[in-house]
Amino acid sequence: MSAFDLIIRNGTMVTSDSVLRGDIVINDGKIEKIVENESFEGEGLREIDATDLYIFPGLIDSHVHFNEPGRTEWEGFQTGSRSLAAGGATTFFDMQLNSHPPTITKHAFELKDKLAKQKAIVDYRLWGGLVPSNLEYLEELHECGVIGFKAFMSPSGINEFQNANDQILYKGMEKIAQLNSVLAVHAESTDITNQLAEEKRKAGKTAAIDFCESRPILSEIEAVARILSYAQVTGCKLHIVHASSSQVVSLVTRAKQIGIDVTVETCPHYLSLTTEDFSRIGPVAKCAPPLRGKDEVEALWKSFADGEIDIIGSDHSPAPPMMKQAEDGDMFKAWGGISGAQSTLSVLLEEGYWKRNIPLERIVETTSTNPAKRFGLYPQKGTIAVGSDADLAIVNLTQFYRLNENDLFYRHPHSPYVGKTFRGKNVATIVKGKIVFENGQIISSGQYETIP
Ligand code: ZN
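The rules behind these values
- Residues numbered from 1 in each chain as written.
- Predicted model: local features only at pLDDT ≥ 70, side-chain atom pairs only at ≥ 80, totals over all residues.
- Heavy atoms only, no water.
- Donors = N, O, S within 2.8 Å, 3.2 Å for Na, K, Ca; no water.
- Helix = DSSP H or I, 4+ residues; strand = E, 2+ residues; numbered from the N terminus.
- Buried < 20%, exposed > 50% of the residue type's maximum accessible area, 1.4 Å probe, protein only.
- Contact = heavy atoms within 4.5 Å.
- Core = buried A, V, L, I, M, F, W, Y, C linked by side-chain atoms within 4.5 Å.
- pLDDT = per-residue confidence, 0-100.
- Phe/Tyr/Trp six-rings, centres within 6.5 Å; stacked < 30°, edge-to-face > 60°.
- Lys NZ or Arg CZ within 6 Å of the ring centre and 35° of its normal.
- Domains from an automatic or database assignment.
- Buried area = accessible area lost by both parts, 1.4 Å probe.
- Salt bridge = Lys/Arg side-chain N within 4 Å of Asp/Glu carboxyl O.
- Pairing = 2+ DSSP bridges.

**Side note on the coordination of the zinc ion**
Here the zinc ion is held by H63 (NE2), H65 (NE2) and D315 (OD), and the distances to it run 2.0 to 2.2 Å. Look at where the donors of the zinc ion fall in the sequence and you get H-x1-H-x249-D. Residue H63 is found in strand β6 (residues 59-64), and its partner D315 is found in the loop between β14 (311-312) and α12 (344-356); the two are separated by 252 residues along the sequence. For the pair H63 and D315, one class covers both residues: buried.

Okay, here's the thing in structure tokens:
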């Protein structure tokens, strides 16, 4: 009998609804057999002994900004995908900005897709954008295979990606509903945030806390309530990205109860960092919506534990260090966006599993199974099952480590988690049966051999 490509022996496999011990047999990039509670008789060309280790379906990061082409100096497919592999992610959905051109036409999609194909060492899909000028291009983007469309309800910070006013949102949602695709929205109220920011600036108040107060939870609630009403009328599937508060999550839960097809995502930083951390760490912890208070973090964990949060995405949105500075102490001037793609699983294990007794199955559900289901990749991805892609993260749950700058694979090694000690570390990542990361090293560079 010929040998199999890879056998992972005696690991503890975690899916969204089970934890079991056994062997995983991999051939041609797929899981060919799962043998429970006993040793598989056959031989592998490569075998991994996973005794005392846990095997997760590889994370699917539904929200990253790798900024290529156009702003590759901020991050890129090579550096970004390496950081994901190091953190146990096997698939990413790249956001339509801050690349240039943004992914709002077929031409832009093709440019980006070609680069991702050459450079990414994990699997990927691309988001398309909804902007005032591209209603007529939504269909061609859909045909290209975008995972969904993303719109901003407030300014994106990037001139070439305009936010959508209510009329564009409505028309876009009618179209996206026809395509049976999903609209994801950055939901903050332009009116509320502009007005409060102006008041703060006039008063000379520009510290971290002032920035946070200029983008209150109310601003998210207003925008989410509005877009939910459009989803109800148009029947468009809706995904709320980076909800910072359980109050926003509750609004989504109530909408689900009356039949609106909506899902909600939050990010590891809203579950682990506070406004006080932002004041202490500085611009590296600046994001929008901003970090919230300690009580909000706990309330968000409760929403997570109760099953109300569908997806955890990193919203990895890096920029060069020069841009992550608060000139004259003015936090409004620093670029917003947190680098976190490499740390998602570690944050959830440390803050969720170890500190708050969150079951591992729930972590798998929100980081892999639900993103696969929501965006049409399940059961090819998002689980450990016969016939599924062999996309796996092998995790040492009990290993302590302190995150150092030199551990980061990002183009710019900054992150609000530098210096933090975690319990739980990804030790190997397998993408379609191929080991891409093992023992701290990237061992496959994809098709791309040199750092651009
Ligand atoms: Zn984002």
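More follows now that the structure is in view.
**Quick word on the environment of N10**
Position of N10 among the secondary structure elements: in strand β1 (residues 4-14). Between the C-alpha atom of N10 and that of G22, which follows or precedes it by 12 residues, the distance is 4.8 Å. Non-local contacts of N10, meaning those with residues more than four positions away in its chain, are made with R21, G22, D23, A50, T51 and D52.

**Digging into the nonpolar core**
When a protein is soluble and globular, its nonpolar side chains tend to lie buried together. Ranked by size, the top nonpolar core spans 96 residues in total, and within it F56, F92, L183, V185, I227, L238 and I240 carry the most contacts. If you tally residues by element for this core, the top one is helix α7 (residues 217-234), at seven residues. Every residue in contact with L183, bar those within four places of it in the chain, is listed here: L130, F149, K150, A151, L169, M173, I176, C236, K237, L238 and H239.

**A word on unusual backbone geometry**
Here the residue pair L97 and N98 is connected by a cis peptide bond, since its omega of 20 degrees sits within 30 degrees of zero. Along the chain, N98 turns up in the loop between β7 (89-94) and α2 (106-119). At N37, a residue that is not glycine, the phi angle is positive and equals roughly 60 degrees. One non-glycine residue, D52, lies in positive phi territory at about 70 degrees. Mapped onto the elements of the fold, D52 is located in the loop between β4 (44-49) and β5 (54-57). Residue classification places D52 among the exposed positions, given a relative accessible area of 67%.

**Side note on the confidence of the model for the protein**
Looking at the protein, the pLDDT average stands at 96 and 98% of residues meet or exceed 70. Scored below 50 in pLDDT, residues 448-452 shows eight contacts in the model against residues more than four places distant or in partner chains.

**Re the packing of aromatic side chains**
A ring pair, where both rings are aromatic, is described by two values, the distance of the centres and the angle of the planes. Within the structure shown, the criterion is met by 17 aromatic pairs. Judged by centre distance (5.3 Å) and plane angle (75 degrees), the ring pair of W127 and F375 falls under edge-to-face. Of the two residues, W127 sits in the loop between β8 (123-126) and β9 (128-129) while F375 sits in the loop between α13 (360-374) and β15 (392-402), which places them 248 residues apart along the sequence. In terms of burial, W127 and F375 fall into one category: buried. Chaining the aromatic ring pairs together yields one cluster made of F66, F77, F92 and Y124. R71 extends its terminal NZ or CZ atom over the ring of W74, reaching a point 5.4 Å from the ring centre. One cation-aromatic arrangement involves R362 over F304; the distance from NZ or CZ to the ring centre is 4.9 Å.

**Details of the domain arrangement of the protein**
Examined at the domain level, the protein breaks down into domain 1 (4-56 + 389-398 + 421-449) and domain 2 (59-374). Here domain 1 and domain 2 have C-alpha centroids that lie 29 Å from each other. Domain 1 puts 31 residues into the contact, and the matching count from domain 2 is 28 residues. Together, the buried faces of domain 1 and domain 2 total about 2500 Å²; carbon and sulfur atoms form 67% of this surface. At the junction of domain 1 and domain 2, the tally comes to one salt bridge. The shortest N-O distance in the salt bridge between D123 and K432 comes to 3.3 Å. Those elements giving two or more residues to the side of domain 1 that touches domain 2 turn out to be β5, β15, β16 (421-431) and β17 (434-438). With eight residues, the top contributor of residues to the side of domain 1 that touches domain 2 is β16.

**Digging into the pairing of β17**
Taken across its five residues, β17 has four buried, putting it largely inside the fold. Bridge count for β16 against β17 is four bridges, and the pairing is antiparallel. Within the sheet, the bridge partner assigned to T429 lies in β17 and is F437. Pairing analysis gives two bridges linking β17 to strand β18 (residues 441-442), with the strands arranged antiparallel.

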